[in-house]
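# Structure assessment
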Amino acid sequence: MEREFDTRSIHWMEPKREVHGSLTPPLYLSSTFVFPTAEAGEARFAGLEDGMIYSRLGNPTVAVLEQAVADLEQGEAGLAFGSGMGAISAVLIAMVESGDHILCSEGLYGCTYGLLAMLKQKFKVDFSLIDMSDPAKVAAAMRPETKVVYVETPINPTLKLVDLKAVSEIAHAHGAQLVVDNTFLSPALQQPLLLGADVVVHSATKYLGGHGDLIAGVAVGRKAFLDEVRMSTLKDIGAVMAPMEAWLILRGLKTLPVRMERHCANAMKVAEYLAGHEKVTRVDYPGLADFPQKELAERQMRGPGGVISFEVATLEAGRKVLNSVRLAQLAVSLGEATTLIQHPASMTHSVVPPEVRREEMGISDGLIRISVGLEAAQDIIADLEQALAEI
Ligand SMILES: Cc1ncc(COP(=O)(O)O)c(C=O)c1O
């Protein structure tokens with residue numbers, strides 16, 4: 001019988017338990033692996049025999065993590081990277097060549113935008129950002145040379161959603177692949193592969209790790225494609241995950257479902273509080289009753305997540321809030337136990353040109369993003385209350 005997600009988050013390594021019966025996975029801090037014979041070394045390089053070669057090509061601790069995340073995302077295989085951007089760049093570069101086009105959701109993590117801008121400028125891979133809230137617009141924007149549709153949902157930081165099932169059907173009808181950045185929800189709340197995505201990418205730095213103590217990335221998808229990425233853009237560009245990071249993420253996975261439940265419950269309370277505050281002009285959170293894409297949120301996601309964006313009247317007012325919080329920490333990143341607050345226009349999205357940021361991505365200068373942590377909700381709210389009173 002297929003076990004539940006909460007059980008699989010904890011029991012990922014049973015088939016691999018090694019000689020001493022250690023409950024937690026062994027940490028293989030080894031850069032290279034000794035071949036039993038010259039013939040075995042040759043066979044491993046030729047791909048004719050399983051077995052480790054060198055930790056840039058694979059490591060036993062990292063392999064446990066790759067398998068665990070693949071299982072949680074319900075994909076065939078996983079591939080680990082040294083950062084979320086390592087995963088995104090390796091996957092995209094493996095998928096496209098000069099002259100191709102990548103169609104993207106209008107909001108993107110700032111460095112993903114930076115990567116696409118570089119691919120366009122240096123390697124003639126074009127991209128466009130479009131509002132994907134209406135699938136008809138996606139169909140209209142597909143070009144014969146569109147090889148990849150790249151989506152964040154919820155979009156960072158505006159939290160608009162994209163209908164993954166509808167967009168995957170459009171992408172596939174045009175012979176393109178759908179890549180989804182699932183960082184904001186984690187597989188505990190959304191499983192894009194089950195909705196038709198070809199590859200899921202993660203900044204494992206966030207909810208998968210969950211404790212703000214590492215930088216890492218993971219991709220999940222078909223084994224044949226990820227084998228190709230492993231032996232090309234992972235191996236040759238080299239953004240590999242270190243074994244210690246894999247070990248820490250495996251520890252984080254054990255509490256992923258419980259943490260996500262609490263992140264969602266806390267964020268719901270904070271969003272409702274902010275929505276009723278006179279100095280807050282807008283709140284974006286998929287859990288709110290008046291969220292414009294409520295039906296899609298309920299159909300596609302198992303919970304609204306832990307990230308909220310809200311707007312105060314001016315950049316100056318936003319700065320005041322950021323400088324006045326005492327419990328929430330003024331830091332970028334998200335998805336960890338501590339509540340983090342940041343200002344996308346001057347921080348995570350500062351690499352995006354202001355007109356693209358404001359007009360195409362909908363990120364106003366007064367927008368504040370809060371990653372609601374695992375503290376008591378009333379303490380997070382009390383902190384925001386005193387900070388908003390400073391405006
Ligand atoms: C949605 C999203 N994708 C990708 C990344 C990049 O991940 P990393 O910082 O692990 O490279 C981030 C980082 O904030 C992110 O928020």
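Residues numbered from 1 in each chain as written. Predicted model: local features only at pLDDT ≥ 70, side-chain atom pairs only at ≥ 80, totals over all residues. Heavy atoms only, no water.

As recorded by an unreviewed UniProt entry, the protein chain carries the name L-methionine gamma-lyase and is attributed to Tumebacillus lacus.

## So, the pairing of strand β2 (residues 101-105)
With 5 of 5 residues buried, β2 lies mostly within the body of the structure. In the sheet, β2 pairs with strand β3 (residues 126-130) via 5 bridges, with the strands oriented parallel. Looking across to β3, one finds that L103 is bridged to S128. Note that the unit made of β2, helix α5 (residues 110-123) and β3 has a crossover that is right-handed. (Buried < 20%, exposed > 50% of the residue type's maximum accessible area, 1.4 Å probe, protein only. Helix = DSSP H or I, 4+ residues; strand = E, 2+ residues; numbered from the N terminus. Pairing = 2+ DSSP bridges. Right-handed = clockwise from strand over helix to strand, strands pointing away.)

## A word on the packing of aromatic side chains
The full count for this structure, using the stated rule, is 2 aromatic pairs. A centroid spacing of 5.6 Å and a plane angle of 85° characterise the contact between Y113 and F127, whose relative ring orientation is edge-to-face. On the criterion of sequence distance, the pair formed by Y113 in helix α5 and F127 in strand β3 is long-range, its members being 14 residues apart. The ring centre of F5 lies 5.7 Å from the NZ or CZ of R302, which sits over that ring. (Phe/Tyr/Trp six-rings, centres within 6.5 Å; stacked < 30°, edge-to-face > 60°. Lys NZ or Arg CZ within 6 Å of the ring centre and 35° of its normal.)

## Looking at the site of the ligand
Surrounding the ligand, one finds 14 residues, the nearest of these being G84, D181, S203, T205 and K206. At 2.9 Å from an oxygen atom of the ligand is found a main-chain nitrogen or oxygen belonging to M85. At a separation of 2.6 Å, a nitrogen atom of the ligand approaches a polar side-chain atom of D181. Calculation on the ligand without its partners gives an accessible area of 390 Å², and the protein chains cover 92% of this total. Considering every element that reaches the shell around the ligand, the biggest residue donor is helix α4 (residues 84-95), with 3 residues. (Near = heavy atom within 4 Å. Polar contact = N/O pair within 3.5 Å; in protein donor to acceptor, adjacent residues only side chain to side chain. Areas by Shrake-Rupley, 256 points an atom, 1.4 Å probe, with all protein chains shown as cover.)

## Focus on the pattern of salt bridges
Tallying each qualifying case throughout the model produces 20 salt bridges. Ionic pairing is found between R44 and E49, a salt bridge with its closest N-O pair at 3.2 Å. Overall, E49 belongs to the partly exposed group, its relative accessible area being 32%. Here D236 and K235 are joined by a salt bridge, their closest N and O atoms 2.8 Å apart. A residue is classified by how much of its surface remains accessible, and D236, at 56% relative accessible area, is exposed. Residue classification places K235 among the partly exposed residues on the basis of a relative accessible area of 23%. Each of E2, R8 and D71 takes part in one network of salt bridges that share partners. (Salt bridge = Lys/Arg side-chain N within 4 Å of Asp/Glu carboxyl O.)

## Quick notes on the sheet that holds β2
The strand order across the open sheet built from 7 strands is β1-β7-β6-β5-β4-β2-β3, with neighbouring strands paired in mixed fashion. The open sheet is flanked by β1 (77-81) and β3, the only strands paired with a single partner. Direction aside, neighbouring strands of the sheet carry axes that sit 20° apart on average. The strands touched by helix α3 (residues 60-73) are β1, β6 (199-203) and β7 (217-221); relative to β1, the strand with the most contacts, the crossing angle is about 125°. (Axes fitted to C-alpha atoms, helices over the stretch in contact; angles between N-to-C directions. Contact = heavy atoms within 4.5 Å.)

## Here's the deal with a nonpolar patch on the surface
Taken together, the side chains of L27, L29 and M244 present a nonpolar region at the surface, about 270 Å² in accessible area. Owing to a relative accessible area of 31%, L27 belongs among the partly exposed residues under this scheme. (Patch = residues over 30% accessible without salt bridge, like charges linked within 9 Å, V, L, I, M, F, W, Y side chains within 5 Å.)

## Some thoughts on unusual backbone geometry
Between T153 and the following residue, P154, the backbone shows a cis peptide bond with an omega angle of -5°. The omega torsion of the bond from N156 to P157 falls at 0°, within 30 degrees of zero and hence cis. Along the polypeptide, P157 turns up in the loop between β4 (146-152) and α7 (164-173). Residue Q74 is not a glycine yet carries a positive backbone phi of 60°. Looking at the secondary structure, you find Q74 in the loop between α3 and β1.

## Details of the nonpolar core
Of all hydrophobic cores here, the largest spans 59 residues; its most connected members are L65, V149, I249 and L253. No other element matches α3, which puts 7 residues into this core. A domain split of this core shows at least three residues from each of domain 1 (5-253) and domain 2 (258-388). Each residue touching I249, except ones within four places of it in the same chain, is listed here: L65, A204, L208, G209, L214, A216 and M241. Core analysis: the second largest hydrophobic core is formed by 35 residues, L79, Y150, L226 and L234 among them. (Core = buried A, V, L, I, M, F, W, Y, C linked by side-chain atoms within 4.5 Å. Domains from an automatic or database assignment.)

## Overview of the domain arrangement of the protein chain
Partitioning the protein chain into domains gives domain 1 (5-253) and domain 2 (258-388). The distance between the C-alpha centroids of domain 1 and domain 2 comes to 26 Å. Between domain 1 and domain 2, the residue contacts involve 41 residues of the former and 41 residues of the latter. Contact between domain 1 and domain 2 buries roughly 3100 Å² in total, counting both sides, with carbon and sulfur atoms accounting for 60%. For domain 1, the biggest contributors to the area lost against domain 2 are L161, L189 and Y207; these three give 24% of the whole. Here domain 1 and domain 2 share 1 salt bridge between them. (Buried area = accessible area lost by both parts, 1.4 Å probe.)

## Side note on helix α9 (residues 243-253)
The element α9 is largely enclosed, with a buried count of 8 among its 11 residues. The inward-facing, buried residues of α9 abut α3 and α10 (256-275).

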